[in-house]
Structures are given as structure tokens and as C-alpha cells.
Amino acid sequence: MAEWLKAPDWKSCIRQNRIEGSNPSLSAPMRRKIRYVVILYGSETKKEKFMTIPLYLNDTYRFTAEASVVFLGEDEKGCFILLDQTPFYPQGGGQPSDQGWIHNPDFSAEVSLVRQYEHDIRHYILPPEGKIEIGTSVTCDVNEKRRLLNARYHTAGHLLGNVLETLYPSLKTIKGHSFPNEAFLELQGEGQVDLALIQQALDEAILSNAKTTLFEMDPFSFEEIYYALPYPVPAHKAFRAMRIGTFLPVPCGGTHVSSLQELGQVTLGKLKYKSEKLKTLSDVIHIRYQLKA
Ligand SMILES: [Zn+2]
């Protein structure tokens, strides 16, 4: 249970399947801030299956949306809000989640983390101000600066993979991590790579200002047209792929900038060859990269 819900006075409220009031364990300024809170307690409330419509999938530049609260709950990560639709990107695919605010005239909460569980997109909130209930209409505001920085880092990871696989066709990208200031790409294959040559190809690609495009396709058609996917994908399910210019597309559910010049300068950092000899005879190449904030 979240720290701010642990105070003894709250227990009777939880038994009534409802949490309501102000938290006496908090400092006076914080108590004033959290004047009145209503959270339906997740474990006691019969939870239906929800499917949050992910608005971020089709538009990286959509930072705000109106939504309806469909569930309020709590898990080991804290209190969360489920909405019928959301512009908030949930952490995944090596990309950090959006942050921002969910609010209406009676309620305001900062969204600190967003995660997806099956079709639920859970907006984890910091101690809120005001009250909220299922059925309430809210406005979602994504932190634009963070969204765009994350989308730039993530798109740069795709581009770096495309550039490397084009320069060294034996290499295959196996892992991408695009958190700002700790971003890296891992590729598997044989041989050494030339960092200066990769940097030059990367700079040229960014100057070309190629556009990114998104499309949906079933895995069978994708493999027929492009390449065999390195992991099993349910055949009946269409998936989303993104493509930079004329590079090969990559299946991905992340957020991307629309054209490469939005990336600015992408600087390659340390390069390491990791021995994976216990698993395979090939090397894993680990390359770090950095963008300007
Ligand atoms: Zn992506």
C-alpha cells in the first residue's frame, strides 16, 4: 500500500471499500495539499477487463486529451488511475514512460509513472489534491518536454540500428535502451566496427532529414516483404511497425519524432565488445549514444 494511505485513520475507510479524508501522518503543508481524496480500493472492487485506447500510438505530438475514469486501484507500484483513453505512453520497449498531470476542476494529480498490464494502462499518481471517482471526466496533460526528449532518444536508437545494420550486414540489433543519458544499442554479429565511420553515416542520415512512417501489418506479410523476425509473433495479430526513410522497418509500439532533423546532434559514446561465448559464438557489440537535451 502506498505510504500515504497507511495511516490508522484510513483503515475503516478501506473496509468500506472506499478511502476518503486527509492523511494525518503527513506534514501540515502536505495535509492542506491533500484535502480530500477518494480512491476505490482495488483489491476489494470487482475489476472488469478494461481496454485503454492508446492515443499516443498515432500521434507523438498529442500532449493532451479528455478521458473518463474507468477504475481506481492500487498495486505494488502505488495508486493508479485507469482511463478509457490516454495520451500517456507507458514505459516499455526500452523507452521511459510519460509523466504529466491528470486533472479536472475538483481534482489534480501528478502522474509519475505509466505502465501497461495487458490492455490496462495504469497511471500511477503522487498524492493528489481533491477527489475523483469512477465515471469522472478528466483532462490529461503530458509533460511535452519529456515526451519529445524520449521520442528523440528512441528514434535515434532506431536510426543507429538501421545505420549499423546497413554498414555491417552481419550485425542484428538485439536490444535497445533509449532512456536519456544512459541510452545504448546492442547488436550481435561477427567482427569489429569503426566508430568514426558509423558517426559519419549517422550525421549524413540526420542531414537527409528522412521522415519516419508508421504502418500496421500481419507478421506473415512482414516476413515475406522484409525479413524474418527474430522472435515469435502471433500470426493472426497485426502489429505496428515504424520505418525511417528507405531503411528497413522495425516492429515497435514506441513514440517517434516525425523527421530526423528533430534529433539534433547524436553523438556516439563508448563501444564495448561483450563476450557472450556461453550462449553463442558471436560477439555482442554495445554502443552508447547521447543527444543534446
Ligand atoms: Zn520505436
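All figures in this text were calculated on a predicted structure; none of them were measured in a lab.

Caption draft 1: Representation of the overall build of the chain within the structure. In terms of regular secondary structure, the chain is built from five helices and 18 strands. The buried share of the chain, reckoned over its 293 residues, is 29%. Within the chain, counting contacts between residues at least 6 apart in sequence, those at least 24 apart form 60% of the total.

Caption draft 2: Looking closely at the nonpolar core. Grouped together as the largest cluster of nonpolar side chains are 23 residues, with contacts concentrated most on Ile81, Phe88, Ile102, Val111 and Ile125. Of all the secondary-structure elements, those providing two or more residues to this core are β4 (64–75), β5 (78–83), β8 (107–117), β9 (120–125) and β11 (137–142). No other element matches the five residues that β5 contributes to this core. Sequence-distant contacts of Ile102, that is, excluding residues within four places in its chain, are made with Ile81, Ala109, Val111, His123, Ile125, Val138 and Cys140. Counting 21 residues, the second largest nonpolar core, distinct from the first, contains Tyr153, Ala183, Leu187 and Ala205.

Caption draft 3: Structural detail: the environment of Leu260. Summarising the element assignment, Leu260 is placed in the loop between β16 (250–251) and β17 (266–275). Of the residues examined, Leu260 has 23 C-beta atoms within 10 Å and is grouped as buried. A C-alpha to C-alpha distance of 9.3 Å links Leu260 and Gly245, two positions 15 residues apart in sequence. Residues in contact with Leu260, not counting those within four places in the same chain, are Leu159, Ala205, Ile206, Ser208, Asn209, Ala210 and Ile244.

Caption draft 4: Region of the structure containing the packing of helix α3 (residues 144–167) against helix α4 (residues 195–208). Contact geometry for α3 and α4: axes closest at 10 Å, N-to-C directions at 120 degrees. Our classification of the angle between α3 and α4 gives oblique. Note that α3 runs across α4; the crossing there is right-handed. Of α4, the residues touching α3 (which contributes Leu159, Leu160, Val163, Leu164 and Leu167) are Leu197, Ile198, Ala201, Leu202 and Ala205. Its residues placed into classes, the contact of α3 with α4 shows ten nonpolar, no polar and no charged.

Caption draft 5: Molecular detail of the sheet that holds strand β14 (residues 212–217). What the three strands build is an open sheet, ordered β14-β15-β16; its pairing is antiparallel. The outermost strands of the open sheet, each flanked by one partner alone, are β14 and β16. On top of the sheet, α3 reaches β14, β15 (239–244) and β16; it is set at about 70 degrees to β15, its chief contact.

Caption draft 6: Spotlight on the confidence of the model for the chain. Summing up the model confidence of the chain, the mean pLDDT is 83 and the portion of residues at 70 or higher is 80%. Confidence, expressed as mean pLDDT per element, reaches its minimum in the chain at helix α1 (residues 11–15) with 34 and its maximum at β11 with 98. Of the regions scoring below 50 in pLDDT, residues 4–24 engages in 37 contacts with residues more than four places distant in sequence or in other chains. Note that residues 29–47 has pLDDT below 50 and, in this model, 45 contacts with residues that lie over four places away or in other chains.

Caption draft 7: Geometry of α4. Helix length check: α4 (14 residues) gives 20 Å between terminal C-alpha atoms against 20 Å at 1.5 Å per residue, within 8%. Where α4 is concerned, the buried positions are Leu202, Ala205 and Ile206. Down the axis of α4, the smallest arc covering the buried residues is 100 degrees, so these residues share one side. Every exposed residue of α4 that faces more than 90 degrees away from the buried side is listed here: Ala196, Leu197, Glu204 and Leu207. Phi turns positive one or two residues past the end of α4, at Asn209, with a value near 55 degrees.

Caption draft 8: Layout of the pairing of β4. Of the strand pairs in this sheet, β4 and β11 are connected by five bridges, and their pairing is antiparallel. Each residue of the ladder has a partner; that of Ala67, found in β11, is Val138. Where β4 and β5 come together, six bridges link them in antiparallel fashion. The residue bridging Asp75 from the neighbouring strand is Gly78, located in β5. Hairpin connection from β4 to β5: two residues lie between these consecutive antiparallel strands.

Caption draft 9: Main features of the pairing of β8. Strand direction decides the pairing type here: strand β7 (residues 100–104) and β8, joined by five bridges, are antiparallel. The partner of Gly100 across the bridge, within β8, is Val111. Counting the residues in the hairpin turn of β7 and β8 gives two residues. Inspection of the sheet shows β8 paired to strand β10 (residues 129–130) by two bridges, in the antiparallel sense. Directly across from Ser108, in β10, lies its bridge partner Glu129. As paired strands, β8 and β9 are joined by six bridges and run antiparallel to one another.

About the cut-offs
- Residues numbered from 1 in each chain as written.
- Predicted model: local features only at pLDDT ≥ 70, side-chain atom pairs only at ≥ 80, totals over all residues.
- Helix = DSSP H or I, 4+ residues; strand = E, 2+ residues; numbered from the N terminus.
- Buried ≥ 20, exposed ≤ 12 C-beta atoms within 10 Å, placed from the backbone.
- Contact = placed C-beta atoms within 7 Å.
- Core = buried A, V, L, I, M, F, W, Y, C linked by C-beta atoms within 7 Å.
- Axes fitted to C-alpha atoms, helices over the stretch in contact; angles between N-to-C directions.
- Parallel < 35°, antiparallel > 145°, perpendicular 65-115°, else oblique.
- Left-handed = near helix turned anticlockwise from the far one by under 90°.
- Nonpolar A, V, L, I, M, F, W, Y, C, P; charged D, E, K, R; others polar.
- Pairing = 2+ DSSP bridges.
- pLDDT = per-residue confidence, 0-100.
- Expected span 1.5 Å × (residues − 1).
- Arc of directions from axis to C-beta.

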